[in-house]
Amino acid sequence: SDLDLVFLHDCDALQAETPGGKPIANETWLTRYVQRVINWLSAQTHLGRAYEVDLELRPDGRRGMSITSLASFTQYQRESAWTWEHQALTRARWVAGDAALGTAFSAVRAEVLTRPRDPAKLRQDLLDMRTRMREKLDKSTEDHWDVKQGAGGLIDAEFLTQYLVLRDAARDSAIIEFSDNWRQLDALERAGSISRAQHDSLIAIYREYRACTHARALQNESSLLAQGEFAEQRKVIANLWTEIFQSTPSF
């Protein structure tokens, strides 16, 4: 998988110059440092490229700067971010850098994710986004099924979890304590957002899908399977989609 990264800084003097023999503007130094980190992560090794790095989750996507101030990031998440960007925030976690900045980011994440939301609008936003994603990314054919993007597949399972997290985090902040799908489902079950049976089904199927995609990736194989593969699991996801979204899936 690629690395979806957002780089943040807390420098309040971007035009001031760095100390040393060849001073440059702080803004220039930060941008160059980000590029160096990306180069390290995406280095070409004798076994292939280490990681593909994706920066599209930064504020304003491809139009945005490679590194953003925490203040700008906070304002964007509060006032301008799309619902799908808040979906991405449910999976976000601080991984490296200054501890104080990491703590501040985590506080912003918690604030944004625990705000009250209109369940009907949230539901429609996710349904619309999933439809657009499937139209653009689903590689399923008459004979093959895309385990990741196909109907009833991995992304549909993740959308179910993300919808519940965004819908219910306002009443129980423990739901967003962790960023991984599995522990979020654990928290959702404890909060009463889903039943034990729904929890167990989603985790079991998610594990099966993940194991499949990981194994195929390690063999340099695509995510396309025979159309009949995972038929029972796909049916379960379709039923859960109807139960949780209160909408017949367009599978």
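Per chain, residues are indexed from 1 in the order of the written sequence. With pLDDT at 70 or above as the cut-off, local features in this predicted model cover only qualifying residues; side-chain atom pairs require 80 or more to be listed or tallied, and sums for whole chains, interfaces and linings still use all residues. To obtain the side-chain values, all non-hydrogen atoms of the structure were used and water was disregarded.

K.L.:
What should I look at first to understand the overall build of the protein in this one?
P.N.:
Only DSSP runs of H or I reaching four residues or more are called helices, and only runs of E reaching two or more are called strands; each is numbered from the N terminus. Secondary structure assignment for the protein yields nine helices and eight strands. When the backbone C-alpha atoms are referred to their principal axes, the protein occupies close to 65 × 50 × 30 Å. A 1.4 Å probe rolled over the protein chains alone gives each residue an accessible area, and that area as a share of the maximum for its type sets the label: buried under 20%, exposed over 50%, partly exposed in between. For the protein, buried positions account for 41% of its 251 residues. Taking the contacts inside the protein whose residues are at least 6 apart along the sequence as the reference set, 61% of them involve residues at least 24 apart. Contacts are residue-level and defined by heavy atoms, with any inter-residue pair within 4.5 Å sufficient.

K.L.:
Looking at this structure, I do not really get the side chain of E85. What am I missing?
P.N.:
With respect to the element layout, E85 can be found in helix α3 (residues 83-90). At 2.8 Å, the side chain of E85 forms a polar contact with the side chain of Y76. At 2.7 Å, the side chain of E85 and the backbone nitrogen of W82 are in polar contact. Beyond its immediate sequence surroundings of up to four residues, E85 is in contact with Y76 and S80. Contacts described as polar in this section are N or O atom pairs within 3.5 Å, which, within protein, must combine one atom able to donate a hydrogen with one able to accept it, while residues neighboring in sequence count only if both atoms come from side chains.

K.L.:
What exactly am I supposed to notice about the layout of surface pockets here?
P.N.:
A water-sized probe rolled over the atoms picks out the places where empty space is left. Its boundaries defined by the atoms lining it, the second largest pocket holds a volume of some 340 Å³. Think of a 1 Å grid over just the protein atoms. A cavity is a set of points where a 1.4 Å probe fits yet cannot get out, a pocket is an open set with protein on both sides within 12 Å along at least five of seven lines, and lining residues have an atom within 4 Å of a point. Taken together, 19 residues make up the lining of the second largest pocket; nearest its centre are A81, W82, T83, K121 and D125. Elements represented by at least two residues in the lining of the second largest pocket include exactly α2 (70-79), α3 and α5 (119-137). By residue number, the principal contributor to the lining of the second largest pocket is α5, which donates six residues. Under the scheme applied, nonpolar residues are Ala, Val, Leu, Ile, Met, Phe, Trp, Tyr, Cys and Pro; charged residues are Asp, Glu, Lys and Arg; polar residues are all the others, including Gly. When its residues are assigned to classes, the lining of the second largest pocket shows six nonpolar, four polar and nine charged. Grid points are joined across faces, edges and corners, and a volume is the space filled by probe spheres set on the points.

K.L.:
It is not clear to me how helix α7 (residues 181-190) should be interpreted in this structure. Could you clarify?
P.N.:
Because each turn of an α-helix spans 3.6 residues, side chains separated by three or four positions end up pointing in the same direction. The complete set of buried residues in α7 reads N181, Q184, L185, A187 and L188. The arc that holds every buried residue of α7, seen down its axis, measures 160°, which confines them to one face. Lining the buried residues of α7 we find α3, α4 (99-113), α6 (154-168) and α8 (196-218). With its phi angle positive at about 85°, G192 sits one or two positions after the end of α7. An arc is given here, and it is the one of the directions from the helix axis to the C-beta atoms.

K.L.:
What is the right way to look at the pattern of salt bridges in this model?
P.N.:
Just to be clear on terms, a salt bridge is a Lys or Arg side-chain nitrogen sitting within 4 Å of an Asp or Glu carboxyl oxygen. Following the criterion strictly, the structure yields 13 salt bridges and no others. The partner of R78 in a salt bridge is E111, and the shortest N-O contact between them spans 2.8 Å. Of this pair, R78 sits in helix α2 while E111 is found in helix α4, placing the two residues 33 residues apart along the sequence. Judged by relative accessible area, which is 35%, E111 ranks as partly exposed. R91 is paired through a salt bridge with E158; the nearest N and O atoms lie 3.5 Å apart.

K.L.:
Just to check I follow, could you spell out a nonpolar patch on the surface for this structure?
P.N.:
Nonpolar side chains collect at one region of the surface, where W29, Y33 and W40 lie side by side and expose about 370 Å² of accessible area between them. With respect to the helices and strands, W29 occurs in helix α1 (residues 26-41). Put simply, a patch holds well-exposed residues, over 30% relative accessible area, that have no salt bridge, with like charges counted together within 9 Å and Val, Leu, Ile, Met, Phe, Trp or Tyr side chains within 5 Å. Reported accessibility uses the Shrake-Rupley method at a 1.4 Å probe radius. Residues are deemed covered only where the shown protein chains occlude them.

K.L.:
Hey, could you run me through the packing of α3 against α5 in this one?
P.N.:
When two helices pack together, you describe them by how their axes are tilted relative to each other and by the distance separating the axes. An axis is simply a line fitted to the C-alpha atoms; with a helix, the fit covers only the stretch in contact. Between two such axes, the angle follows the N-to-C directions and lies from 0 to 180 degrees. At their nearest, the axes of α3 and α5 sit 10 Å apart, and the two run at 90° to each other. The angle between α3 and α5 places the two elements in the roughly perpendicular class. For the pair α3 and α5, contact is made by T83, W84 and Q87 and by L122, D125, L126 and M129, respectively. Split into classes, the residues belonging to the contact of α3 with α5 amount to four nonpolar, two polar and one charged. Here the angle decides the label: under 35 degrees means roughly parallel, over 145 means roughly antiparallel, 65 to 115 means roughly perpendicular, and every other value means oblique.

K.L.:
Any chance you could explain the environment of R234 here in plain terms?
P.N.:
Note on placement: R234 falls in helix α9 (residues 231-245). Measuring from C-alpha to C-alpha, the distance between R234 and S173 comes to 30 Å, with 61 residues separating the pair along the chain. Not counting residues up to four positions away in its chain, the partners in contact with R234 are W145, A151, G152, Y209, Q227 and E229.

K.L.:
Explain the nonpolar core to me, please; I cannot follow it from the model alone.
P.N.:
If you look at soluble globular proteins, the nonpolar side chains tend to sit buried side by side. Residues L160 and Y209 are the most contacted members of the largest nonpolar core, which totals 46 residues. Secondary-structure elements contributing two or more residues to this core are α2, α4, α5, α6, α7, α8 and α9. At nine residues, the largest contribution of residues to this core is made by α6. Nonpolar core, defined: a set of buried Ala, Val, Leu, Ile, Met, Phe, Trp, Tyr and Cys residues in which side-chain atoms within 4.5 Å join the residues together. Listed in part, the eight residues of the second largest apolar core include L5, F7, L30 and V34.

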